[in-house]
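Working through the structure, step by step
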Amino acid sequence: MIQVENLTRKFDQFTAVNDISFEVDSGEIFAFLGPNGAGKTTTIKMLTTLLRPTSGRIHLDGLDPWVKQRDARQRFGIVFQDPSLDNEQTALENMELHGILYHIPRRVRVERIEELLRLFELWERRNDYVKTFSGGMKRRLEIARGFLHTPKILFLDEPTLGLDPQSRNQLWTHVKNLNAKEKTTVFLTTHYMDEADRVAHRIAIMDHGAIVAIGTSAELKARTNTDSLEAAFLALTGTSLRDESASSTDNLRRFAQMWQQKR
Amino acid sequence: MGAIYIMWLREVKRYFRSKAQVIVSLGQPTLYLLALGFGFGPIFAKAGAGNYIQFMAPGVIGMTVLFSSIFSGMAMLWDRQFGFLKETLVAPVPRLNIIFGRTLGGATVATMQGLLMLVVCLIAGFRPVHQHAPGAAASNNWLAIPVALIFIAMIALVFAALGASVGSSIKDMQGFQVLMNFMVMPIFFLSGALFPLKNLGAVMTWITHADPLSYGIDGLRGVLIGNWQFNFGWQFNFMLDLGLLAALAAIFLGTSAWLFSRIEV
């Protein structure tokens, strides 16, 4: 379903993603783990046509997303790390907007919106403004929205960052159910080792722009002779801290946090 | 096509749902109108130039439209990172439709703001007038208002597109502040909104003629208070003003479409 060959992305002198290759099968839940600055978000951005690769080849469901942009975009959904809902509209309106952008015919749209909002336990709040939602609810809505156009692949970039354990657990239950029922391939990035361990069929560990190891959780533990994914991860990527400088995105995020404290 | 409509509708809905913001954004132009209008009024009249409120009203209407439309474009920076706009960047819809719908929506909202400001001016004593010849009696010319709407809409479109171009290029909030201070305020102050553009020195003449808003304000003023009210009803003329604004709107719309299509989040 996803084939990546020799994917590279350079920013001037800095190589964010260095010649990575991997494959994800249809219906698989595939996790990208890695320290900050490893290149996970850059990789997802290249796969989802947000950032142009410097070199390499990508195939999503047999299509090159950079050549057949519209067709490819119709087949995948993405839930970003930062919220991308319209706070000034209701949950229902947000779903409607997405449905129209993704060319879902009206009757199908109405049914599917109800089905997903009920599944993610948001139906009762469908006419409330999103700005009144908690963080967990917003994230659930975004994921519900991601599934709306029955994508073949769903990309999740740190989907449970900042959520409490109940919300996280519930979210993954729904994602796994939809993965089983609709055979959606799920590609996620996360820091939470326990989640990757529990949820993903296979895991790739990325560091300094390169893939360090790929396999099932059991394989990775066996390879590093450890009994937890976290220990395996640390064994493969080392324990030294990563020094980074704040990007403009980090600055914006800080600004956003400042504003959100006011609520 | 549906995408253009929903992006437009989104901006308009947001406007109608934020009553507090509507009132607040009318505050500054109203302050200018009342404080400067009644403050400078006596001196302006003494200089033989007539009623300053009459002169200023088109200026503050233009000011309202300018600020509203530029701001809607600049708010794109936020929307790009934390808002709905990001979702539209990965949707299977041409980016041209997205930016077009959004810009039209921003321009529509700015136009409505301009109309509201016109109402405020009317309450403050402004009257659109028509005079046949210098020294003849001035009569109220309510038909000027629909024609003025054309200029309000054109100003809105030009600056919504400019704001969208800027919003597609800047990367963080510092850029936003810089642009407000070094682009928007000069555009406003040097547009003849607050003072006549006649008899200025060479440098000022050149700068004010290079300011797009000058043509919008001149058009508004000419339509609303006519040729003979003062010496300076029309600085330029109807066709020049309208034509120039239309050309600029087209250019800025093209620029914003191109810049938006190249956004990499």
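Okay, so let's go over this structure.

Analysis parameters
- Residues numbered from 1 in each chain as written.
- Chains lettered and ligands numbered in written order.
- Predicted model: local features only at pLDDT ≥ 70, side-chain atom pairs only at ≥ 80, totals over all residues.
- Helix = DSSP H or I, 4+ residues; strand = E, 2+ residues; numbered from the N terminus.
- Rg over C-alpha atoms; globule rule 2.2 N^0.38 Å.
- Buried ≥ 20, exposed ≤ 12 C-beta atoms within 10 Å, placed from the backbone.
- Contact = placed C-beta atoms within 7 Å.
- Nonpolar A, V, L, I, M, F, W, Y, C, P; charged D, E, K, R; others polar.
- Expected span 1.5 Å × (residues − 1).
- Pairing = 2+ DSSP bridges.
- Axes fitted to C-alpha atoms, helices over the stretch in contact; angles between N-to-C directions.
- Right-handed = clockwise from strand over helix to strand, strands pointing away.
- Core = buried A, V, L, I, M, F, W, Y, C linked by C-beta atoms within 7 Å.

**Concerning the overall build of chain B**
From N to C terminus, chain B includes 11 helices and 2 strands. Starting at the N terminus, the α and β elements of chain B follow one another as α-α-α-α-α-α-β-β-α-α-α-α-α. Over its C-alpha trace chain B gives a radius of gyration of 19 Å, about what one expects of a compact globule, namely 18 Å for 265 residues. Taken along the three principal axes of its C-alpha coordinates, chain B extends 60 × 40 × 30 Å. The proportion of buried residues among the 265 residues of chain B is 46%. Contacts spanning at least 24 positions in sequence make up 80% of the contacts within chain B whose residues lie at least 6 apart.

**A few points about the overall build of chain A**
The number of helices and strands found in chain A is 10 helices and 9 strands. Seen through its C-alpha atoms, chain A measures out along the principal axes to roughly 50 × 45 × 40 Å. For chain A, with 263 residues in total, the buried portion stands at 41%. In chain A, 68% of the contacts between residues at least 6 apart in sequence involve partners at least 24 apart.

**What to know about the interface of chain A and chain B**
At the interface, 29 residues of chain A touch 24 residues of chain B. Counting residues per element, the ones that place at least two in the side of chain A that touches chain B are α2 (69-75), α3 (91-101) and α10 (248-261) of chain A. Considering only residue class, the side of chain A that touches chain B consists of 13 nonpolar, 10 polar and 6 charged.

**Quick word on helix α5 (residues 135-147) of chain A**
All names here are of chain A. For α5, built from 13 residues, the straight-helix expectation of 18 Å at 1.5 Å per residue is met to within 8% by its first-to-last C-alpha distance of 19 Å. Within α5 the residues assigned to the buried category are Lys 138, Arg 139, Arg 140, Leu 141, Glu 142, Ile 143, Ala 144, Arg 145, Gly 146 and Phe 147. Residues of α5 that are buried sit in contact with β5 (76-79), α3, α4 (106-119), β6 (153-157) and α6 (165-182).

**Digging into the pairing of strand β3 (residues 29-33) of chain A**
Residues and elements named next belong to chain A. With respect to burial, β3 is a largely interior element, 5 of its 5 residues being buried. Side chains Ile 29, Ala 31 and Leu 33 of β3 all project onto a buried face; the interleaved residues Phe 30 and Phe 32 project onto the opposite face, where all are buried too. With 5 bridges connecting them, β3 and strand β7 (residues 185-190) associate as parallel partners. Bridge assignment links Phe 32 to a residue of β7, and that residue is Thr 189. Judged from the 4 bridges that link them, β3 and strand β8 (residues 202-207) form a sheet pairing that is parallel. The residue of β8 that forms the bridge with Phe 32 is Ala 204.

**So, the sheet that holds strand β9 (residues 210-215) of chain A**
Residues and elements named next belong to chain A. Spatially, 6 strands are ordered β5-β6-β7-β3-β8-β9 in an open sheet, and the strand pairing comes out mixed. The open sheet has two free edges, formed respectively by β5 and β9, since each of these has just one partner strand. Averaged over neighbouring strand pairs, the angle between their axes works out to 15° when direction is ignored. Pairing between β8 and β9: 5 bridges, direction antiparallel. Residue pairing for β9: Ala 204 is matched across the bridge by Ile 214.

**Regarding the pairing of β7(A)**
Residue and element names in this part refer to chain A. Of all 6 residues in β7, 6 are buried; the element is thus mostly enclosed. Burial along β7 is two-sided: the face carrying Thr 185, Phe 187 and Thr 189 and the face carrying Val 186, Leu 188 and Thr 190 are both buried. For β6 and β7, the ladder comprises 5 bridges, and the chain directions are parallel. Along β7, the bridge assignment pairs Leu 154 with Val 186. Taken together, β6, α6 and β7 constitute a β-α-β crossover, and its handedness is right-handed.

**Observations concerning the nonpolar core**
Counting 135 residues, the largest nonpolar core has Leu66(B), Ile155(B) and Val158(B) as the members making the most contacts within it. When sequence neighbours within four positions are dropped, the list of residues in contact with Ile155(B) reads Gly62(B), Val65(B), Leu66(B), Leu213(B), Gly216(B) and Leu245(B).

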